[in-house]
Each structure stands twice: as structure tokens, then as C-alpha cells.
Amino acid sequence: MSITTPPKDFSTMFLDMNSFFASVEQQVQPTLRGRAIGVAPYTGATGCIIAASKEAKARGIKIGLVGEAKKLVPEIKIIEARPALYMIYHKEIKKVIESFTPYFTPLSIDEFKIQLTRQDQNEFSAIQLAQKLKTAIRERVGDSLSCSIGIGPSTFLAKMAGERKKPDGLTVVTLNNLKQFYSPLKLTDITGINWRLEMHLKNFGINSPSDLFNLPVGELVRTLNHAGRLWYFRLRGYEVDEFVVKNKTIGHSHVLAPEFRTRDGAIAVLKKLIFKAGYRIRAENLQAGGVAVSVGFLEGGGFHQSKKFPAFADNQSFWQNVAELLKNCSWRRRPIYLAVSAFNLIRPIGDQINIFADIEKSKAVSRALDEINDEFGADTVFAASMFNSRISAPDRIPFGMPRYDIKHC
Ligand SMILES: [Mg+2]
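Reading the values: rules and limits
Residues numbered from 1 in each chain as written. Predicted model: local features only at pLDDT ≥ 70, side-chain atom pairs only at ≥ 80, totals over all residues. Heavy atoms only, no water. 1 Å grid on protein atoms, 1.4 Å probe; cavity = no way out; pocket = protein on both sides within 12 Å on 5 of 7 lines; lining within 4 Å. Points joined across faces, edges and corners; volume = space filled by probe spheres on them. Donors = N, O, S within 2.8 Å, 3.2 Å for Na, K, Ca; no water. Helix = DSSP H or I, 4+ residues; strand = E, 2+ residues; numbered from the N terminus. Buried < 20%, exposed > 50% of the residue type's maximum accessible area, 1.4 Å probe, protein only. Pairing = 2+ DSSP bridges. Axes fitted to C-alpha atoms, helices over the stretch in contact; angles between N-to-C directions. Contact = heavy atoms within 4.5 Å. Core = buried A, V, L, I, M, F, W, Y, C linked by side-chain atoms within 4.5 Å. Expected span 1.5 Å × (residues − 1). Polar contact = N/O pair within 3.5 Å; in protein donor to acceptor, adjacent residues only side chain to side chain. Salt bridge = Lys/Arg side-chain N within 4 Å of Asp/Glu carboxyl O.

A.B. asks: Honestly, empty space enclosed by the protein in this entry has me stumped. Any pointers?
C.D. replies: Using a probe with the size of a water molecule, rolled over the atoms, empty space left in the structure can be pinpointed. A full pass over the atoms with the stated rule returns one cavity of 30 Å³ or more. Taken as a whole, the largest cavity holds about 30 Å³ of empty space. Taken together, N18, S19, S23, Q26, K54 and S146 make up the full set of residues lining the largest cavity.

Dropping the structure here:
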């Protein structure tokens, strides 16, 4: 984090695709255009809508149960999610951005952060670049695809600006209009403020983002400790969230089909889950600093352990770390549920070379496998031990829908 570098206007652009999965479906199936649709990994009434088209959103549909959405909008069309398709579109969008600037980072499947170069750090050039990106995505990727773009002194402010107008927005926030920028917002409109933090702040008489913004740093520290200091600078456009992406985890869980309810079956599926999570870690350019694994047993009870490890991003280290924890697991009962995740995720500064050369090599192998799988469809290449488990854990939600978020302290 950097509290010493003063913030500068027009430093960062945040591009967020609107209703991404739903828009991709409307792009490839023209009959869905202009209609209320919801995308769900499972299309039954208890399935969960993970993306709604802008037409559905306009009628009050949000992320939530399919059954509830159908009550609200009976003619809503529910589409089964196709993660591989959304990945293809993600890559096409990436290519478009790449054709304008090399200084960008995908933050999730539908969000990109673009660092503006000195020559673009002015109102005219920044807005022009944003408009060119919007047009190029429409022309080269698909005319159903719109995005909201925010421009600001930091990732946090650019993202918040991007959220100001959806769909197809373009909003600029500058250091001298911060007061006006915060004034219409509720606390929970602020990225990183959830209902829990909101409650805490309200207990201290902080009822709005403006209240928070007006508080002197000393008072914020008294209220929130170190996080208070971060909020003080974050709200003023300092890039305090640069390298720690989020206090999030990347992981997968899976309920075992009857034929996999053995130790070997569970381990084969676990490797598949690790393979998928490892892919996401690398696709988001992250390194992990810890793993957690859970096994639930059919007869009741479970095993759960987590531990910090030296930074890794390759499947082999990921598996070795999980295997180390599993040494303590007794497999006397039949496993039925598995969950594995990586935590302490960081995005390394620049293209840092890992000091452990073999980890780097293993990461290169993992990346090569990812590329082949990207090219020819997931699961083209996989470790031999995953053979049995391939069908058992289908890809459901790409990236598990991570969002740019800030770290809660
Ligand atoms: Mg989006």
C-alpha cells in the first residue's frame, strides 16, 4: 500500500461488463435479446441466478433463487450457465483492451483495471480512451456487450465511479469533487462496507459516507484501529489496496457421487478441485499463501484444517500443501463432502520471479496446461490421477464470481 504517493486524478480506469453472463447469452442467442433472462448453474426452482439481463434487472430481478425470480417475472427465461463460453468472451475483451494499452489487469471474469499512462492522465484523453474501449468491445466482441467505466485517482474510486451509472455508464470522479461524490451514497454503497461494518459505524454515530469522509484520521483510528487509517486514505483516493486483492479465498466444494465415497475417490476429486482452483489463481495473476481443506463424512462429523504456506501458484505445490494437512485426516468413515480453498491471496508486484526455481517451473507447467485447456476446452489435458473424477466435478461457475473488493481488517 502506498500512503506516501499522493493521489492523482485520471490515474485509474475500472471497466465492468454489464450483466456479463446474461449479455453473452444474448449475444450468442439473438432471440434472447431484449428479454428478461437469468443465468443459473442449475435451472431448477432452488437453483441460484448468478446473472440477470438488464431487462430482468429493470424488473427487480437480482441474484437469488430461480423460484423467487419466476414469481416476480413469470416469463423470465432461465439459462444454464456455460462457464467455458464466458471465458472465451473474457479473453476476447482482454484482447480488445490489450490493443489499446498493455497496462491493465483483469480483476475477475468481467472486471478490468486499467492504469492510465501519463499522456492519458487528463480528462479529455481518459474519456476518449473509455469511449474507444466501449465502441471496440461492441464492434469486435459483440453488440450485446456493454460496460460501465469509472475513472478516478485509485482503483477504489474508479470502481465506485463505474457503479454510479449502469448499464453503459461513464463516470469520472476527481479529487476536488469527492464531497459531492459521496453525498448521495449510503454506507453500504461503499465498496468494502457490508452491513456488519455499517452497524459498527452507526454505533459511533457515523451514518453516511459523508460522515465517514469528514472524520479526522485520529477519530477514525479510535473507531476502527488500523482499518480506520486505511479508510481515511482510501476515501481520499490513495491507492491503499493495490496489492492485497481481497481478504478472499479461491476454492471449490463438491458433494461426492456414491461411487466416489472412498478415500481414493475423494482424493481424485480433490485433485480436480485443486486443478480448477489453481487455474483461477493463475488466471487472476495471484499467489496464495495458505490452504484449507474440509472433508465431511456420510456417517456424520468432519475434518477441517487450514495452514499458511510459502507463496505458491502452481497445482503441484497446492496439492502437496493439501496432502500435508490430509495426513491428519482419518478416513475411517465414508467421505461425502469436500471443500478446498487457497487463502492469503496476493497479486505480486510486477513479474516477480519466485526464488524457488522448481516452484516457478511447476507454475510454468501448470500455465502450459491451462493454455492447452483454454485453447481446446477445459479438461483436454489433466493429470492422470484425475481421470476418474473428471465427470464428477463439472465446471459450474467461472472464477466463483470473485469481485474486486477491499480487505476488511
Ligand atoms: Mg459486471
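Structure shown, so let's carry the discussion forward.
A.B. asks: Sorry, what's going on with the coordination of the magnesium ion here?
C.D. replies: Tetrahedral coordination by four donors places them ideally at 109.5 degrees to one another around the metal; octahedral coordination by six donors ideally gives 90 or 180 degrees. Protein coordination of the magnesium ion is provided by D16 (OD), M17 (O) and D110 (OD), with donor distances spanning 2.2 to 2.3 Å. Considered as a linear motif, the donors of the magnesium ion on their single chain read D-M-x92-D. Taken as a pair, D16 in strand β1 (residues 12–17) and D110 in the loop between β7 (104–108) and β8 (111–115) lie far apart in primary sequence, 94 residues in all. Of the two residues, D16 and D110, neither departs from the other in class, the shared state being buried.

A.B. asks: Help me understand the sheet that holds strand β13 (residues 302–312), please; the structure alone is not making it clear to me.
C.D. replies: Sheets are built from strands that pair by backbone hydrogen bonding, the pairs being arranged parallel or antiparallel. With respect to topology, four strands assemble into an open sheet ordered β11-β14-β12-β13, the strand pairing being antiparallel. The open sheet has two free edges, formed respectively by β11 (250–255) and β13, since each of these has just one partner strand. Neighbour-to-neighbour, the strand axes of the sheet open up by a mean angle of 10°, direction not taken into account. Direction of pairing for β11 relative to strand β14 (residues 335–343): antiparallel, over a ladder of six bridges. The partner of G251 across the bridge, within β14, is S341. Those strands touched by helix α13 (residues 315–326) are β12 (288–297), β13 and β14, and its axis lies near 140° from that of β13.

A.B. asks: What is the right way to look at the nonpolar core in this model?
C.D. replies: What tends to happen in soluble globular proteins is that the nonpolar side chains get buried as a cluster. M13, L15, F20, Y86 and I137 are the most contacted members of the largest nonpolar core, which totals 39 residues. Those elements that provide at least two residues to this core are β1, α1 (20–28), β2 (37–40), α4 (83–98), β8, α5 (123–140) and β9 (147–152). The leading source of residues in this core is α4, at seven residues. Apart from residues lying up to four places away in sequence, L15 is in contact with I97, D110, E111, F112, L133, I137, C147, S148 and I149. Core analysis: the next-biggest nonpolar cluster, separate from the first, contains 31 residues, L270, L286, V295 and L345 among them.

A.B. asks: Looking at this structure, I do not really get the pairing of β7. What am I missing?
C.D. replies: Within a regular strand, side chains alternate between the sheet's two faces. Extensive coverage of β7 is indicated by the burial of four of its five residues. The pairing of β7 with β8 spans four bridges and is classified as antiparallel. Residue pairing across strands places T105 opposite K113, the latter belonging to β8. Count of turn residues in the β7/β8 antiparallel hairpin: two residues.

A.B. asks: I would appreciate a short explanation of the pairing of β2 in the present structure.
C.D. replies: Across the two faces of β2 the burial is the same, with I37 and V39 and G38 and A40 all buried. Where β2 meets strand β4 (residues 51–52), two bridges bridge the pair, whose relative direction is antiparallel. Looking at β4, one finds that V39 is bridged to A51.

A.B. asks: So what exactly am I meant to see when it comes to α5 here?
C.D. replies: Since the α-helix turns once every 3.6 residues, residues separated by three or four places project in the same direction. The end-to-end C-alpha distance of α5, which contains 18 residues, comes to 25 Å, matching closely the 26 Å that a straight helix rising 1.5 Å per residue would cover. Taken together, the buried positions of α5 are S125, A126, L129, A130, L133, K134, A136 and I137. Buried-residue contacts for α5 involve β1, α4, β8, β9 and β10 (170–172). For α5, the N-terminal cap is N122; the gap from its side-chain oxygen to the backbone nitrogen of F124 is 3.3 Å.

A.B. asks: Got a minute to help me understand the pattern of salt bridges in this structure?
C.D. replies: Pairing is possible between side chains of opposite charge, provided their charged atoms come close. Overall, the coordinates contain 16 salt bridges when judged by the stated rule. For D168, the salt bridge is made with R138, and the minimal N-O distance between the two is 3.2 Å. Linking D168 in the loop between α6 (155–164) and β10 with R138 in helix α5, this pair joins segments that are 30 residues apart in sequence. A salt bridge links E219 to R222, with the nearest nitrogen and oxygen atoms 3.6 Å apart. In this pair, E219 and R222 both sit in helix α10 (residues 217–224), three residues apart, roughly one turn of the helix.

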